[in-house]
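Each chain is listed here by its residues.
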Amino acid sequence: KAGVTQTPRYLIKTRGQQVTLSCSPISGHRSVSWYQQTPGQGLQFLFEYFSETQRNKGNFPGRFSGRQFSNSRSEMNVSTLELGDSALYLCASSLTKGARETQYFGPGTRLLVL
Amino acid sequence: DAKTTQPPSMDCAEGRAANLPCNHSTISGNEYVYWYRQIHSQGPQYIIHGLKNNETNEMASLIITEDRKSSTLILPHATLRDTAVYYCIVRPPNSGYALNFGKGTSLLVTP
């Protein structure tokens, strides 16, 4: 079974621009979560989606948004990019929801904001 | 959420067992202990999880103390490819999917 895939793998943007990142979960998985990883803050939870609904959201500004499609694929969008948004953005999928469900991570999208 | 405490770094010789400790003294009865690792610049990789009993899979063993206040991840025969940051995470049952990674333990396996 193919793993979680994320596109693009690398991205360079300038301040003020917006960006859309894509995540395809493992086949059959209905949950997708997004995380941001920076050297200073480590891995931080952004939001999670299950059956096209956002179930939980981390402590990030409204510039960060996401959505999930009926095929469980997910996108996240960051508007009005800031230098501090430079990070590795990770997507994880799991079969359903709940503490017993294991999340499987993709390779990430590395975003550099100039 | 229960907090976890891990040593910031550890060394292990190749071929020896790597024992990574984690303290979670405030864990409640229905919270799971999960271990992930992250090799440099890659996505985190699931290793193992448990609730009360010790667990073993092809990658590692998880030993949870009887009072559940601490656990140890054991890599039985560490290889250079096991060099990574290891995260111990406690998950409440109603936390949804959010994983609180903390700072983890940076394990260096040396030849």
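Refer to the structure printed above.
Let me begin by describing the structure that accompanies this report. (Residues numbered from 1 in each chain as written. Chains lettered and ligands numbered in written order. Predicted model: local features only at pLDDT ≥ 70, side-chain atom pairs only at ≥ 80, totals over all residues. Heavy atoms only, no water.)

A short note on the interface of chain A and chain B
Often the size quoted for an interface is simply the accessible area lost on bringing the parts together.
Okay, so step 1: The interface is formed by 25 residues belonging to chain A together with 20 residues belonging to chain B.
Okay, so step 2: In total, about 1700 Å² of surface goes out of reach between chain A and chain B, with carbon and sulfur atoms giving 51% of it.
Okay, so step 3: Inspection of the region where chain A meets chain B yields zero salt bridges.
Okay, so step 4: Listed by contribution, the elements that provide at least two residues to the side of chain A that touches chain B are strand 4 (31–38), strand 5 (42–50) and strand 9 (87–94) of chain A.
Okay, so step 5: In terms of residue count, the dominant contributor to the side of chain A that touches chain B is strand 5 of chain A (five residues).
Okay, so step 6: The residue inventory of the side of chain A that touches chain B, partitioned by class, reads ten nonpolar, ten polar and five charged. (Contact = heavy atoms within 4.5 Å. Buried area = accessible area lost by both parts, 1.4 Å probe. Salt bridge = Lys/Arg side-chain N within 4 Å of Asp/Glu carboxyl O. Helix = DSSP H or I, 4+ residues; strand = E, 2+ residues; numbered from the N terminus. Nonpolar A, V, L, I, M, F, W, Y, C, P; charged D, E, K, R; others polar.)

As for the environment of S70(B)
Residue and element names in this part refer to chain B.
Okay, so step 1: With respect to the secondary-structure elements, S70 resides in strand 7 (residues 70–75).
Okay, so step 2: Residue classification places S70 among the partly exposed residues on the basis of a relative accessible area of 25%.
Okay, so step 3: Through-space distance from the C-alpha of S70 to that of I27 is 8.9 Å; in sequence the pair is 43 residues apart.
Okay, so step 4: With sequence-adjacent residues up to four places away left out, S70 is seen in contact with C22, N23, H24, I63, I64 and T65. (Buried < 20%, exposed > 50% of the residue type's maximum accessible area, 1.4 Å probe, protein only.)

Considering the sheet that holds strand 4 (residues 45–50) of chain B
Residues and elements named next belong to chain B.
Okay, so step 1: Here we have five strands laid out as an open sheet, ordered 1-9-8-3-4, and mixed in their pairing. Taken across any chain shown, the strands that pair with only one partner, and hence form the sheet edges, are strand 1 (9–13) and strand 4. For this sheet, the mean angle separating the axes of adjacent strands, direction not counted, is 25 degrees.
Okay, so step 2: Pairing analysis gives five bridges linking strand 3 (residues 32–38) to strand 4, with the strands arranged antiparallel. (Pairing = 2+ DSSP bridges. Axes fitted to C-alpha atoms, helices over the stretch in contact; angles between N-to-C directions.)

Some remarks on the packing of aromatic side chains
Okay, so step 1: All told, the structure shown has 13 aromatic pairs over all chains when counted by the stated rule.
Okay, so step 2: Ring geometry for F47(A) against Y49(A): centres 5.8 Å apart, planes inclined by 70 degrees, an arrangement best described as edge-to-face. For the pair formed by F47(A) and Y49(A), the shared burial category is buried.
Okay, so step 3: Consider the rings of Y104(A) and Y46(B), whose centres lie 6.2 Å apart with planes at 65 degrees: the pair is edge-to-face. Taken together, the residues span two chains, with Y104(A) in strand 10 (residues 104–105) and Y46(B) in strand 4. (Phe/Tyr/Trp six-rings, centres within 6.5 Å; stacked < 30°, edge-to-face > 60°.)

Here we look at the pairing of strand 7 of chain B
Residue and element names in this part refer to chain B.
Okay, so step 1: Only one face of strand 7 is buried, namely the one carrying S71, L73 and L75, since none of S70, T72 and I74 on the opposite face is buried.
Okay, so step 2: Looking at chain direction, strand 2 (residues 18–23) and strand 7 are connected through six bridges and run antiparallel. Each residue of the ladder has a partner; that of A18, found in strand 7, is L75.
Okay, so step 3: Pairing of strand 6 (residues 61–64) with strand 7 involves four bridges; the strand directions are antiparallel. Residue pairing across strands places I63 opposite T72, the latter belonging to strand 7.

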